[in-house]
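Listed below are the residues making up each chain.
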Amino acid sequence: MTIQILHNPRCSISRNVLARIRDTGQEPEIVEYLKNPPTREELLGILMAMEAEPRDILRTKEPLARALGLLDPQRSDREIMDAMLANPILIERPIVMTRKGARLCRPVEKLDEIL
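Residue numbers here run from 1 along each chain, matching the order of that chain's written sequence. In view of the model being predicted, local features appear only for residues whose pLDDT reaches at least 70, and side-chain atom pairs are presented and counted only at 80 or more, with totals across whole chains, interfaces and linings using the full set of residues. Processing note: side-chain calculations cover all non-hydrogen atoms of the structure and skip hydrogens and water entirely.

- The chain appears in an unreviewed UniProt entry as Arsenate reductase from Mycoplana azooxidifex.
- UniProt positions are given in the numbering used here, feature names are shortened, and annotations may be inferred rather than shown by experiment. Reading the Sequence similarities (unreviewed entry) entry of the UniProt record for the chain gives the comment "Belongs to the ArsC family."
- The heading Catalytic activity (unreviewed entry) in the UniProt record of the chain holds the text "[glutaredoxin]-dithiol + arsenate + glutathione + H(+) = glutathionyl-S-S-[glutaredoxin] + arsenite + H2O".

Have a look at this one:
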């Protein structure tokens, strides 16, 4: 399996994770998820690989998350997922997938768990 990164080139952590992958001599498949958002099936697959829930990858510091009421603990996984699919800016980054699993690489050292 090729390494894949859900990447936002404007994010310094995302750029650092990408550089760290390249430092291993590997060139990942780069998915600029703001330009090419994941489908529901792809996002569900990522969450399954991460053994995570939608709330685990919600960008809680994104003002839109608060504006949509997504920080309310009563919001369902489906509501959060629907919001992320409609507004990919709500997906935290970078998320890296390898044959060893998937991780939200915040902090950057989380990458070591799956390389």
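### Some words on the environment of G69
Okay, step 1: Think of it this way: any DSSP run of H or I at least four residues long counts as a helix, any run of E at least two long counts as a strand, and we number them from the N terminus. You can see G69 is positioned in the loop between α3 (63–67) and α4 (77–86).
Okay, step 2: Taking the C-alpha atoms as reference points, G69 and I80, separated by 11 residues in sequence, lie 9.5 Å from one another.

### A few points about the nonpolar core
Okay, step 1: Residues belong to one nonpolar core when they are buried, are Ala, Val, Leu, Ile, Met, Phe, Trp, Tyr or Cys, and are joined through side-chain atoms within 4.5 Å. Remark: exposure states derive from per-residue accessible area (1.4 Å probe, protein chains only) relative to the maximum for the residue type, with buried under 20%, exposed over 50%, and partly exposed in between. Counting 22 residues, the largest nonpolar core has M50, I57, M84 and I95 as the members making the most contacts within it.
Okay, step 2: Broken down by secondary-structure element, the contributors of at least two residues to this core are α2 (40–50), α4, β3 (95–98) and β4 (101–104).
Okay, step 3: Excluding anything up to four places from it in sequence, I95 contacts Q4, I5, L6, I46, M50, I57, R103 and L104.
Okay, step 4: Within the second largest apolar cluster, 10 residues are counted, among which are V17, I21, V108 and I114. Note on definitions: a residue-residue contact is assigned when non-hydrogen atoms from the two residues lie within 4.5 Å.

### Focus on the packing of α2 against α4
Okay, step 1: All axes are obtained by fitting lines to C-alpha atoms, using only the stretch in contact for helices, and the reported angles, taken between N-to-C directions, cover 0 to 180 degrees. At their nearest, the axes of α2 and α4 sit 11 Å apart, and the two run at 120 degrees to each other. Judged on the interaxial angle alone, α4 and α2 are oblique. Judged by the twist between their axes, the crossing of α2 over α4 is right-handed. Contact with α2, carried on its side by R40, L43, L44 and L47, involves R78, M81, D82, M84 and L85 of α4 and no other residues of that element.
Okay, step 2: Amino acids outside the nonpolar list (Ala, Val, Leu, Ile, Met, Phe, Trp, Tyr, Cys, Pro) and the charged list (Asp, Glu, Lys, Arg) are all regarded as polar, and Gly is one of them. Grouping the constituent residues of the contact of α2 with α4 by class yields six nonpolar, no polar and three charged. An angle below 35 degrees is treated as roughly parallel, one above 145 as roughly antiparallel, one from 65 to 115 as roughly perpendicular, and anything else as oblique. For any pair of crossing helices, the crossing counts as left-handed if the nearer helix is rotated counterclockwise from the farther one by less than a right angle, and right-handed if it is rotated clockwise.

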